[in-house]
Amino acid sequence: MPTYNIVDEGADDTGTDAIDPVLDDLVGSDTTIVFPPGTYRLNELVVQSGTNDLELIAPDGARLVPGQSGDSIRWIDVSSNGFVLDGFELDMRNTTVPPFVRMNSSAGNWEFRRLITRGKVRAATDSNAGSNTSGDARTYFRLSAAEGTRGLLQDCYFHEGSCEPDEASNRRAILVESAKGELTFNRCWFESWGENTIYAKKPEGRLKILNCFVRNTQNGMRLGGFTDVRNCVSIKNDRHPRQTWSGGSLQRGVNAEATDPANSSAGINTYDGTLLIADSDFYHRYLDSSCGGAITAPTPCQRIDVQNVRISYNSTKNHDAIYTYEGRMSDGTPANLEYLQLEDVHITNDHNSEYGVYIGQEPDTWGTVSGVIGGSGPQTNSTYIENQMTTNGNPTPPDTTPPLPSPPPLGEVPMMPSQLVRIDNTGNSAPTTYQITAGEYALPAGTNGATIPTEWGPDDGPTRPPNAEVATGTVPAGQAYAFYVTGGIVSTEAEGPATWTVDGEVYNPGAESIFMTSTITSDRQIPRDQWKQAEAVVQPNNVAIAKPHSLNGGSPSHVRLRNVANGNFEYKLEEWAYQDGLHEGETFHILSMEPSEREIQLGDGTSYRVKAGTVSVQTDFISVSLEAFFGMETPVVLTQAQTFNGADPIVTRLRNVSNGSFEVRLQEEEARGAHVTETVGYIALQQATGELNGTPFEVLQAGENFTNQWSRITFQQEYEAPQFIAAQQTFNGRDTANLRYQNLTSTGVDVKVEEERSADNETDHVPEAIGYAVFEGSV
């Protein structure tokens, strides 16, 4: 798939010159066009049928401005499959009449992601001012999808785009005149619109409106059958923008309007199917005739199913909070309500004359009816409702928290920065459980055809920011889930066969707890027994390796640990017993891991093995078996004492490191002898260079040529903030010794073997093999 940087190809990123000549030359099938941050003037983009899988993406955000103005002018008009527009501000502030955006009925598998509109989006004509007809209404986004395909509108903000009150007609934010494919609107924000906000009562295909927010607009959602509304919020607590043709108009929440006879050839079917409204909240409390009912059915579709909904209602309009009427379609056919369910519905109705629930048309069949009606207004006209629900009770008030973050400020686009976590269980026959903990929040996404779960919170329901930092649940066999994560991935857990990726790179769930790395810069040590606390760098019961340290102080020394098993271990810069124990501050890096053996995937898909554990060790070598875990490959082994049972200074030494085992001992300074038993932790790592969960690392043996003279290790990759851990792999020289480092840079480090001088002043050391690990920042 060719990928182009549009600026590198010659496009102007200042908004001065139209990018059309450059863009037209790049448009093609299986093509990605990347827009760096900037402003791009676009007259018209028409993607004809057959130009499939074209992506226009702005990974770090960019602004598109129209180069033309007018109702009949196309801006983005797509008839192909696989079109993606992601990461843009659509800036209308200096466009009198914005052109339209259209996904035609032949288009499919398209995705509009992370978009925000700026400025007014008025229509061109005012000929119907005062006429009480909306004939001059225009549409902003016209959306459709072909049979057997899908369309996704996700993390898109249509925010305060209405025209001025003295103008006749605004644009509808979203119009779906027809569609045979499945359309999903996920996490979209609509505020202060003076025309129909989501006008989608006609599509024959399924429509899902998930996690959306509508506040102080005209008609909120005009819908038919085959539609799901889940975890949405509708608020009316102020006047919405007015328009002259209506003198104020009307806001409903969800309005069932099965007014159009079925026409399969045109992709229209308003009546058949179920309108589901679940886990949603309606706060309609504005004493004005523009404030309409929360759930209304003047022309019901076939089935209406309301579950776990909370409503608070007050108005001067002649609307009930929930109502059904004996409506008819445009050809005179009755719109017969076959089924109605009101399960766990809570309504506070303070309208002085209209009902909390008004049943103008009884359904042929009742589903579950339960919940509470309360407030100062009339409760219900239906004996059946009165017998099934608690009336004059204390309803649960609506939760008006938006299901998505607030609109970003000017110059930014939604959901940036974020990471896209994908859990792909397609091709598998067993489910996969998952849990994602985010630094800020984790929100479900339909990106790249993923199924959007409706229950992903810790309480088996949807969640809303800011209380949405944990996503948990089960991915069924054959499906894929995706989540946008902001604030960084804190932890992940999984059980099952699904493949995980983050931003397209292989990811190992739970790998956050496989390794922890950190950097510690110690203050000057006074006196010898000055222990310092290392907090939140090691999990309880993990093994920690903290070696070698830098060369700020010239006296031979090393890092000594204690209480590692408690998690928040203590450390000191341990000089040998013959020294005074005072030492300059040093820097060292820590690698820790739970005692276990793990096989994970690197970014290139290859498997990677690591094993950790603890053993009891004295001054004699003992053998530690690695069994057959590393196959025929010899790992790098890192060891360090985890306890402080004996006060005499010690280091650990290795020999005979092989694919199946290694030997380890404690070593005191030459002038002293045996040491009491200490718990020694080890981490054995497969030698490799690559990326782990998107983070570069390398683990290698650097050869058997390191002496008391400085030698340079050149890294296989560049690192912005390298964390370096190393240990001798051999016991060629018997004199007590450990490693020191200096000149750690993005490309390498100097290392030497440092002997102590308790028995003599000689510090020459025969060549030893060194094994090392480098990690970028934190893994």
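For every chain, the first residue of its written sequence is number 1, and the numbers climb from 1 along that sequence. This being a predicted model, a pLDDT of at least 70 is required before a residue's local features are given, and a value of 80 or more before pairs of side-chain atoms are given or counted; all residues contribute to the totals for chains, interfaces and linings. The side-chain figures draw on all heavy atoms in the structure; neither hydrogens nor water molecules are used.

Trainee: Which parts of the structure should I look at to understand the overall build of the protein?
Mentor: Secondary structure elements follow DSSP: runs of H or I no shorter than four residues count as helices, runs of E no shorter than two count as strands, and numbering proceeds from the N terminus. Check the secondary structure of the protein and you find two helices and 58 strands. Along the three orthogonal principal directions, the C-alpha set of the protein runs to about 105 × 65 × 50 Å. Only protein chains enter the calculation, and the probe is 1.4 Å; a residue is then buried if its accessible area is under 20% of its type maximum, exposed if over 50%, and partly exposed in between. Put simply, the protein has 779 residues, and 60% of those count as buried. Contacts are assigned to residue pairs that have any heavy atoms within 4.5 Å of one another. Intrachain contacts of the protein at a sequence separation of at least 6 include 76% that bridge at least 24 residues. Under the convention used here, a 1.4 Å probe and the Shrake-Rupley method define accessible areas, while residue burial counts only the protein chains that appear. Looking at the protein as shown, the accessible area adds up to about 27,900 Å², and 41% of this sits on carbon and sulfur atoms. For this count, His and the chain ends are skipped, Lys and Arg are scored as positive, and Asp and Glu as negative. Working definition for charges: the position is that of NZ of Lys, CZ of Arg, CG of Asp or CD of Glu. Computed over 54 positive and 102 negative side-chain charges, the separation of the two mean positions in the protein equals 4 Å.

Trainee: Looking at this model, I keep getting lost on the environment of Gly220. Mind explaining?
Mentor: Assignment of secondary structure puts Gly220 in the loop between strand 17 (213-215) and strand 18 (221-223). A relative accessible area of 1% places Gly220 in the buried class. Taking C-alpha positions, Gly220 is 9.6 Å from Glu191, a pair spaced 29 residues apart along the chain. In this structure, Gly220 is in contact with Thr197, Ile198, Val214, Gln251, Arg252 and Gly253, ignoring residues within four places of it in sequence.

Trainee: How should the side chain of Lys572 be read in this particular structure?
Mentor: Examined against the element boundaries, Lys572 turns out to sit in strand 43 (residues 570-575). A distance of 3.2 Å separates the side chain of Lys572 from the side chain of Asp529, its partner in a polar contact. If we ignore the near neighbours within four places in the chain, the residues touching Lys572 are Gln525, Arg528, Asp529, Gln530, Trp531, His558, Val559, Arg560 and Phe644. Definition of a polar contact: a pair of N or O atoms within 3.5 Å, with one able to donate and the other able to accept a hydrogen when the atoms are protein atoms, and with sequence-neighbouring residues admitted only if both atoms are side-chain atoms.

Trainee: Please clarify how the sheet that holds strand 50 (residues 661-667) should be interpreted in this entry.
Mentor: The pairing of strands in a sheet happens through backbone hydrogen bonds and is either parallel or antiparallel. By the convention used here, strands pair only if DSSP detects at least 2 bridges between them. If you trace the three strands from one edge of the open sheet to the other, you get 47-50-49, paired in antiparallel fashion. Both edges of this open sheet fall to strand 47 (622-625) and strand 49 (651-655), since each of them pairs with a single strand only. Along the sheet, successive strands turn relative to each other by an average axial angle of 35 degrees, direction set aside. As paired strands, strand 49 and strand 50 are joined by five bridges and run antiparallel to one another. Among the inter-strand pairings, Val651 is bridged to a residue of strand 50, identified as Gln667. Fitting a line to C-alpha atoms yields each axis, with helices limited to the stretch in contact; the angle taken between N-to-C directions then spans 0 to 180 degrees.

Trainee: In this structure, what is going on with the pattern of salt bridges? I would like to understand it.
Mentor: A side chain with one charge may pair with a side chain of the opposite charge, provided their charged atoms come close. Here, a salt bridge means any Lys or Arg side-chain nitrogen found within 4 Å of an Asp or Glu carboxyl oxygen. Tallied over the entire structure, the rule returns 38 salt bridges. For Lys201, the salt bridge is made with Glu257, and the minimal N-O distance between the two is 3.6 Å. Note that Lys201 is positioned in the loop between strand 15 (198-200) and strand 16 (207-210) and Glu257 in strand 21 (residues 254-257), a separation of 56 residues in sequence. The exposure classification of Lys201 matches that of Glu257, with both residues buried. In this structure, Glu574 engages Arg560 in a salt bridge whose closest nitrogen and oxygen atoms are separated by 2.7 Å. With Glu574 in strand 43 and Arg560 in strand 42 (residues 557-562), this residue pair connects regions lying 14 residues apart in the sequence. When its relative accessible area of 2% is taken as the criterion, Glu574 is described as buried. Bridged by salt links that share partners, the residues Arg63, Glu89, Asp91, Arg93 and Arg118 form one connected network.

Trainee: Help me understand the sheet that holds strand 51 (residues 678-685), please; the structure alone is not making it clear to me.
Mentor: Strand order in the open sheet made by the four strands is 45-46-51-48, with antiparallel pairing throughout. Looking along the sheet, the strands with just one partner apiece sit at the ends: strand 45 (596-601) and strand 48 (636-641). Strand-to-strand twist of the sheet, defined as the mean angle between neighbouring strand axes without regard to direction, takes the value 15 degrees.

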